[in-house]
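# Chain and residue survey
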Amino acid sequence: MLHRPRRLRRTPALRALVREHRTPVEALVMPLFVVERESDAGPISSMPGIARHTLAQCIAEAERLFGLGINAVLLFGIPAHKDAVASRNADDDGIVQRAIAGIKAAVPEMLTIADLCNCEYTDHGHCGLLDERGEVRNDETVALLTEVARSYARAGVDVVAPSDMMDGRVAAIRRALDGDGFSEVAIMAYSAKYASAFYGPFREAAGSTPQFGDRRGYQMDPPNAREAMREIALDIDEGADIVMVKPALPYLDIVRSARDRFETPIAVYNVSGEYAMMEAAFERGWLERERSIDELMASFTRAGADIIISYFAADYALRHGRGR
Ligand code: PBG
């Protein structure tokens, strides 16, 4: 027989030799939830193993993650007070701002990426300011987000990650940051962010479930693929340094198309619902934990993602990180 592909699968060393893709721990970003009110800290029932941290716990967790070889965290704040206009979001003394400064002080080499959105800060749970009909006002929301970005920059953030899906926000944020002398702060844009059912557990974690309606008026319609390319192209044109596809598993075709079309680094967000469904299966003994997680990471890398945001980042790093 002339062709025997099995020849290269015979031993672990042979398989490693011809392995096409690897997911280095350096490509991973671990999301962290930090609460302003200590009584809000604690486990998240739909995300076993993930917790809402107090400021001190969040900083300690960043130190631990850095020790495992993880270089970047994505910060989500849960403020003590919410209102209709997200007034605590741009507060220099806000919980995300304090977490950024605290992490940079404790582990200066750790990259701090701050999710930039209003849904954790509004009492109605939508990602922006509402008009009289309950629709999110685009341009007013963008103006507010630029204030938050400037505040995060003053706190020392490395990367801001707008996740609101308003039109024109990347250009506005870039202009605001540059205007304040923060030209080194990078923008990782949630560019192709779909109106997904897989954000459910996150909304429990962040208390950001919309009190009425849904996010379909601003997040993308799941069946659309060409539109994702348009969103990504617009964000790159507006100055995004990194573009993102979110969620991950049901959208790996989008990651692949984007990889083939754009040179910009691509991030993929393996979201809360994807984490929850796998954890649920692990708990029941229906899936093998370590192999499943490794295969998951391989799928993201193989689809073309450079950066993987995942609640499994710490778990993966424990087994594959070199440690520090
Ligand atoms: C904020 C935001 C959300 C997520 C990241 N940023 C929630 C949403 O859009 O409803 C989801 C993350 C996850 O599910 O893990 N807009």
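Above this text you will find the structure in question.
Rules of the game
- Residues numbered from 1 in each chain as written.
- Predicted model: local features only at pLDDT ≥ 70, side-chain atom pairs only at ≥ 80, totals over all residues.
- Heavy atoms only, no water.
- Helix = DSSP H or I, 4+ residues; strand = E, 2+ residues; numbered from the N terminus.
- Rg over C-alpha atoms; globule rule 2.2 N^0.38 Å.
- Buried < 20%, exposed > 50% of the residue type's maximum accessible area, 1.4 Å probe, protein only.
- Salt bridge = Lys/Arg side-chain N within 4 Å of Asp/Glu carboxyl O.
- Phe/Tyr/Trp six-rings, centres within 6.5 Å; stacked < 30°, edge-to-face > 60°.
- Lys NZ or Arg CZ within 6 Å of the ring centre and 35° of its normal.
- Near = heavy atom within 4 Å.
- Polar contact = N/O pair within 3.5 Å; in protein donor to acceptor, adjacent residues only side chain to side chain.
- Areas by Shrake-Rupley, 256 points an atom, 1.4 Å probe, with all protein chains shown as cover.
- Nonpolar A, V, L, I, M, F, W, Y, C, P; charged D, E, K, R; others polar.
- Pairing = 2+ DSSP bridges.
- Patch = residues over 30% accessible without salt bridge, like charges linked within 9 Å, V, L, I, M, F, W, Y side chains within 5 Å.
- Contact = heavy atoms within 4.5 Å.

Along its length, the protein carries 11 helices and 10 strands. Radius of gyration (C-alpha) of the protein: 20 Å, near the 20 Å computed for a compact globule of 324 residues. Dimensions of the protein along its principal axes, counting C-alpha atoms only, are 75 × 40 × 40 Å. A buried classification covers 56% of the 324 residues belonging to the protein.

This paragraph deals with the pattern of salt bridges. Applying the stated rule across the entire model yields 24 salt bridges. For the salt bridge of Arg169 with Asp164, the shortest nitrogen-to-oxygen distance reads 3.2 Å. Residue class for Arg169 comes out buried when judged on its relative accessible area of 1%. Linked by salt bridges that have partners in common, Glu36, Arg88, Asp91, Asp93 and Arg98 make up one network.

The next subject is the packing of aromatic side chains. Under the counting rule described, the total for this entry stands at 10 aromatic pairs. A centroid spacing of 4.6 Å and a plane angle of 45 degrees characterise the contact between Tyr275 and Phe312, whose relative ring orientation is tilted. Pair noted here: Tyr275 is in helix α9 (residues 272-283) and Phe312 is in the loop between β10 (307-310) and α11 (313-320), with a separation of 37 residues, a long-range link. Tyr275 gets classed as buried once you look at its relative accessible area, which sits at 3%. The structure contains a cluster of three or more aromatic residues connected by ring pairs, namely Phe33, Phe76, Tyr190, Phe202, Tyr269, Tyr275, Phe282, Tyr311 and Phe312. In this structure, Lys246 packs its charged tip against the face of Tyr269, placed 4.9 Å from the ring centre. Lying over the aromatic face of Trp286, Arg284 brings its terminal NZ or CZ to 5.4 Å of the ring centre.

This brings us to the site of the ligand. By nearness alone, 19 residues border the ligand, and Lys193, Arg203, Lys246, Ser272 and Tyr311 come closest of all. Taking Arg203, its side chain carries an N or O atom lying 2.7 Å from an oxygen atom of the ligand. In this structure, Tyr311 approaches the ligand through a side-chain N or O atom, which is 2.6 Å from an oxygen atom. A total of 400 Å² of accessible area belongs to the ligand in isolation, and the protein chains cover 100% of it. Secondary structure elements with two or more residues in the shell around the ligand: β7 (186-193) and α6 (200-206). Split by residue class, the shell around the ligand holds 11 nonpolar, 3 polar and 5 charged.

Let us look at the pairing of strand β8 (residues 242-246). Two faces make up the sheet, and in a regular strand the side chains alternate between them. In terms of residue burial, β8 counts as a mostly covered element, since 5 of its 5 residues are buried. For β7 and β8, the ladder comprises 5 bridges, and the chain directions are parallel. Across the sheet, Ala192 pairs through a bridge with Val245, a residue of β8. Of the pairings in the sheet, the one linking β8 to strand β9 (residues 266-270) comprises 3 bridges and is parallel in character.

Where nonpolar side chains cluster on the molecular surface, the patch consists of Leu8, Leu17 and Val18 and spans about 290 Å² of accessible area. Inspection of the secondary structure puts Leu8 in the segment before α1 (12-17).

Before going further, it helps to spend a moment on unusual backbone geometry. Residue Pro247 is bonded to the preceding Lys246 through a cis peptide linkage, with omega at -10 degrees. Mapped onto the fold, Pro247 is located in the loop between β8 and α8 (252-261). Even without being a glycine, Met165 presents a positive backbone phi close to 65 degrees. On the secondary structure map, Met165 appears in the loop between β6 (159-162) and α5 (169-179).

As a further point, take the side chain of Thr112. Its location among the elements puts Thr112 in strand β5 (residues 111-116). Residue classification places Thr112 among the buried residues on the basis of a relative accessible area of 0%. Look past the residues within four positions of Thr112 in its chain and what remains in contact with it is Val73, Ile100, Ile103, Lys104, Gly156, Val157, Asp158 and Val159.

Within strand β1 (residues 28-35), 8 of the 8 residues are buried, which leaves the element mostly enclosed by the surrounding structure. Across the two faces of β1 the burial is the same, with Leu28, Met30, Leu32 and Val34 and Val29, Pro31, Phe33 and Val35 all buried. Where β1 and strand β4 (residues 72-78) come together, 7 bridges link them in parallel fashion. Looking at β4, one finds that Met30 is bridged to Val73. As judged from the 2 bridges shared by β1 and strand β3 (residues 51-53), these two strands associate in the parallel manner.

Further remarks concern α5. Inspection of α5 places Arg169, Val170, Ala172, Ile173, Arg174, Ala176 and Leu177 among the buried residues, and these make up the whole buried set. Contacts from the buried residues of α5 go to β5, α4 (138-155), β6, β7 and α7 (226-237). Immediately beyond the C-terminal end of α5, within one or two residues, lies Gly181, with a positive phi of roughly 80 degrees.

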